[in-house]
Amino acid sequence: MDNNNIDFKDLWKKQTVSQPNIEDLKARLKQFKKAGLRSLWITNVLLFATSAFIGFVWYYYQPQFISTKIGIVLAILAMVMYVAFYNGLLHIYKEIDTTQSNHEYLQKLVLIKRKQQFMQSTVLSWYFVLLFLGIGLYMYEYVSRMTVFYASVTYGVTLLWIGFNWFYLRPKQIKKQQTKINELIAKFEDVNAQLK
């Protein structure tokens, strides 16, 4: 038995390599784009409606304390800031179409990933800080009329809700977004590598 006569080049040529299905990949990209645009529009509508409601509360109830008014402004400012940065993704999503090359798709996905990372770190942090300060200042006028026990419970529940969003929901959403985009980027990198 002579093991030295194995032709590795021949074996390498005979192996089956699964070629990525470009149409399937484009369909996944189209679905990613559609989900991204839908999320963007829902966020815009919800934050606009919330800001309008907060403005209505200010107009209708006419708060007396300056802290309440500052709180309302900070909460609305947080939402406007978040939407303004988030809408920066809109033109990138709209630029993705079926006539682009795989390399262009990959560039757009990497750009979306970078913008998402900036949103998930810097913008979301500022959003939570401003929103927390806004809610805290807004509630002060009404909490000041409560007993210490009920005031503590009110602020405690609010702090727990914000903490739950920050420490549980936010990381879960970030991981979900990163997983989706990383999978698409990896598949397009594989296709580009095979086409070279």
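Chains are numbered independently. Their residues run from 1 in the order of the written sequence. Given that this is a predicted model, residues contribute local features only at a pLDDT of at least 70 and side-chain atom pairs are listed and counted only at 80 or more, while totals for whole chains, interfaces and linings are drawn from all residues. Values reported for side chains reflect all heavy atoms of the structure, with hydrogen atoms and water molecules removed beforehand.

> Would you explain the environment of Glu-104 in this entry?
Counting from the N terminus, the helices are the DSSP runs of H or I reaching at least four residues and the strands are the DSSP runs of E reaching at least two. With respect to the element layout, Glu-104 can be found in helix 5 (residues 102-143). Taking the C-alpha atoms as reference points, Glu-104 and Phe-188, 84 residues apart in sequence, are found 9.9 Å from one another.

> Hey, could you run me through the pattern of salt bridges in this one?
Pairing between side chains of opposite charge can happen when their charged atoms approach one another. Salt bridge, as used here, is a side-chain nitrogen of Lys or Arg placed within 4 Å of a carboxyl oxygen of Asp or Glu. Enumeration according to the criterion identifies three salt bridges in this entry. In this structure, the salt-bridge partner of Glu-183 is Arg-28, at a minimum N-O distance of 3.5 Å. With Glu-183 in helix 6 (residues 148-195) and Arg-28 in helix 2 (residues 22-61), this residue pair connects regions lying 155 residues apart in the sequence. Note that Lys-108 and Glu-95 form a salt bridge whose closest N and O atoms lie 2.5 Å from each other. Pair noted here: Lys-108 is in helix 5 and Glu-95 is in helix 4 (residues 90-95), with a separation of 13 residues, a long-range link. Here Lys-108 falls in the buried class, since its relative accessible area comes to 17%. Accessible area is worked out with a 1.4 Å probe on protein chains only. A residue is then buried under 20% of its type maximum, exposed over 50%, and partly exposed in between.

> Where do I start with the side chain of Asn-44 in this structure?
Summarising the element assignment, Asn-44 is placed in helix 2. A polar side-chain atom of Asn-44 sits 2.7 Å from a polar atom in the side chain of Asn-87. As used in this structure description, the phrase polar contact means that two N or O atoms lie within 3.5 Å; if the pair is within protein, one of them must be able to donate a hydrogen and the other to accept it, and residues adjacent in sequence are counted only when both atoms belong to side chains.

> In this structure, what is going on with the nonpolar core? I would like to understand it.
In globular proteins that are soluble, nonpolar side chains generally tend to be buried together. Note on terminology: a nonpolar core comprises buried Ala, Val, Leu, Ile, Met, Phe, Trp, Tyr and Cys residues joined through side-chain atoms within 4.5 Å. Membership of the largest hydrophobic core comes to 38 residues, with the highest contact counts inside it found for Tyr-82, Leu-109, Ile-112, Tyr-127 and Phe-188. Of all the elements in the fold, those that place two or more residues in this core are helix 2, helix 3 (66-86), helix 4, helix 5 and helix 6. Per element, the largest residue contribution to this core is 11 residues, and it comes from helix 5. For this analysis, residues touch if any pair of their heavy atoms sits within 4.5 Å. Setting aside residues up to four positions removed in sequence, Phe-188 forms contacts with Leu-25, Leu-29, Asn-102, Tyr-105, Leu-106 and Leu-109.

> Help me understand the side chain of Gln-120 in this model?
Relative to the assigned elements, Gln-120 resides in helix 5. Residue classification places Gln-120 among the buried residues on the basis of a relative accessible area of 8%. One polar contact links Gln-120 to Gln-178, side chain to side chain, over a distance of 3.5 Å. In this structure, Gln-120 is in contact with Arg-170, Ile-174, Gln-177 and Gln-178, ignoring residues within four places of it in sequence.

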